[in-house]
Amino acid sequence: MFVKRKRDYEGFLCSLLLPAESRTSALALRAFNVELAQIKDSITQKTTGLMRMQFWREAVEDIYCDNPPHQPVATELWRAVKRHNLTKMWFMKIIDEREKNLDDRAYRNIQELETYAENTQSALLYLTLEMLGVRDIHADHAASHIGKAQGIVTCLRATPYHSTRQKVFLPMDICMLHGVSQEDFIRGKQEKNVRDVIYDIASQAHIHLEHARSFSKKVPVKAYPAFFCTVALDDYLCNMRKVDFNIFHPSLQKKSTLLPLHLYIRSWKKTY
């Protein structure tokens with residue numbers, strides 16, 4: 001299991017619940033995503049980030065020419081592409097969007113955050129559906145909304161970490177609406193207007209999850225394993241409500257010990 005479990009523990013667990021013929025490929029996809037996600041946090045100069053993104057862009061081109069670079073993740077990704085006939089466009093969208101995101105600035109509005117989520121998290125779900133042999137418009141529609149919810153929750157979860165590094169990426173329009181500055185988050189303030197910002201953003205993630213579930217009966221059951229990431233999203237949003245949307249509450253930073261059990265129950269119930 002070369003996937004970086006520590007960096008993407010939830011994704012790792014979800015991948016284990018996929019059918020055996022898709023599992024290794026899904027882990028390769030997760031590892032690819034981790035490789036790209038780590039670039040932004042590990043560089044001090046944007047130029048270095050651009051060079052590493054270019055490596056992966058060329059790696060994907062070479063993978064589709066049957067000539068993958070000698071790099072463990074790229075080799076596994078090549079096997080996945082061959083095995084499931086994966087669409088190259090989704091890989092390129094993920095790289096392009098992550099490259100744009102190397103700029104250290106907040107999202108202008110919630111729509112900009114959703115676009116980023118669509119081109120990264122939703123794209124990963126579209127590829128996972130292809131690994132499951134699912135090509136269905138309703139499944140794609142669900143993947144779009146779940147990916148957006150995942151992107152929003154990821155942004156929220158990373159806020160305390162980013163704040164310690166004097167950075168805030170939350171949508172500026174919602175912050176301005178409640179009269180909250182980036183400095184308020186950097187100082188770890190917990191006033192009502194700060195919690196109102198978090199409530200508004202979290203509500204948008206909840207709306208996407210509800211929408212994805214509203215037509216679940218039209219989604220092929222074969223697609224459900226791709227959507228088990230919703231378990232961790234529900235878990236986080238529920239815990240957020242319990243602490244009255246205080247994003248800095250220590251309980252929100254802890255790894256959920258019950259997540260494996262909740263995932264197993266969801267897979268047994270065959271819902272998402």
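Further up the page is the structure itself.
So, how was this worked out
Think of each chain on its own: its residues are numbered from 1, step by step along the sequence as written. A pLDDT threshold of at least 70 governs which residues receive local features in this predicted model, and a stricter bar of 80 or more applies before side-chain atom pairs are shown or counted, although totals over entire chains, interfaces and linings include all residues. To get the side-chain values, take all heavy atoms of the structure and skip hydrogens and water. Numbering goes from the N terminus for both helices and strands, where a helix is a DSSP run of H or I of at least four residues and a strand is a run of E of at least two. In this scheme, a residue with accessible area under 20% of its type's maximum is buried, one over 50% is exposed, and one in between is partly exposed, where area comes from a 1.4 Å probe on protein chains only. Any N or O atom pair separated by 3.5 Å or less is treated as a polar contact, with the protein-specific requirement of one donor-capable and one acceptor-capable atom, and with residues adjacent in sequence counted only for side-chain atom pairs. Contacts are assigned to residue pairs with any non-hydrogen atoms lying within 4.5 Å of each other. One less than the number of residues in a helix, times 1.5 Å, gives the span that helix is expected to have. The angle between axes fitted to the seven-residue stretch ending at a residue and the seven-residue stretch beginning at it gives the bend at that residue. Patch building starts from residues that exceed 30% relative accessible area and form no salt bridge, then joins like charges within 9 Å and nonpolar side chains (Val, Leu, Ile, Met, Phe, Trp, Tyr) within 5 Å. Areas reported here follow the Shrake-Rupley algorithm with a probe of radius 1.4 Å; residue values treat only the protein chains shown as occluding. One side-chain nitrogen of Lys or Arg within 4 Å of one carboxyl oxygen of Asp or Glu is enough to make a salt bridge.

K.L.:
I'm lost on the side chain of His-208 in this one. Help?
P.N.:
In this structure, His-208 sits in helix α10 (residues 192-214). By relative accessible area, which is 7% here, His-208 ends up buried. In this structure the side chain of His-208 is engaged in a polar contact, spanning 3.0 Å, whose partner is the side chain of His-145. Ignoring sequence-local partners within four residues, the contact set of His-208 consists of Glu-114, His-145, Lys-148, Ala-149 and Ile-152.

K.L.:
Even after reading the chapter, I still don't get helix α7 (residues 137-164), so can you show me in this structure?
P.N.:
Within an α-helix, residues lying three or four positions from one another point in the same direction, as the helix has 3.6 residues per turn. With 28 residues, α7 ought to run about 40 Å at 1.5 Å a step, and its terminal C-alpha atoms sit 42 Å apart, in line with that. Largest kink in α7: about 45°, centred on Ala-158, with the proline Pro-160 one to four residues after it. Of all 28 residues in α7, 20 are buried, a share of seventy percent or more. Its side-chain oxygen at 2.9 Å from the backbone nitrogen of His-138, Asp-136 defines the N-terminal cap of α7. Following α7 by one or two positions, Gln-166 has its phi on the positive side, about 60°.

K.L.:
Quick question: what am I supposed to make of a nonpolar patch on the surface here?
P.N.:
A cluster of nonpolar side chains, namely Leu-258, Leu-261, Tyr-264, Ile-265 and Trp-268, defines an oily patch on the protein surface of about 570 Å² accessible area. As for its placement among the helices and strands, Ile-265 is situated in helix α12 (residues 259-269).

K.L.:
Which parts of the structure should I look at to understand the pattern of salt bridges?
P.N.:
A full pass over the atoms with the stated rule returns 22 salt bridges. Here Glu-10 makes a salt bridge to Arg-157, at a shortest N to O gap of 2.8 Å. Residue Glu-10 is located in helix α1 (residues 9-16), and its partner Arg-157 is located in helix α7; the two are separated by 147 residues in the primary sequence. By relative accessible area, which is 31% here, Arg-157 ends up partly exposed. Among the salt bridges present, the one from Lys-148 reaches Glu-118, with a minimum N-O distance of 4.0 Å. Note that Lys-148 is positioned in helix α7 and Glu-118 in helix α6 (residues 110-131), a separation of 30 residues in sequence. Overall, Lys-148 belongs to the buried group, its relative accessible area being 18%. A relative accessible area of 19% means that Glu-118 is categorised as buried. Through salt bridges with shared partners, a single network forms among Glu-210, Arg-213, Asp-234 and Arg-266.

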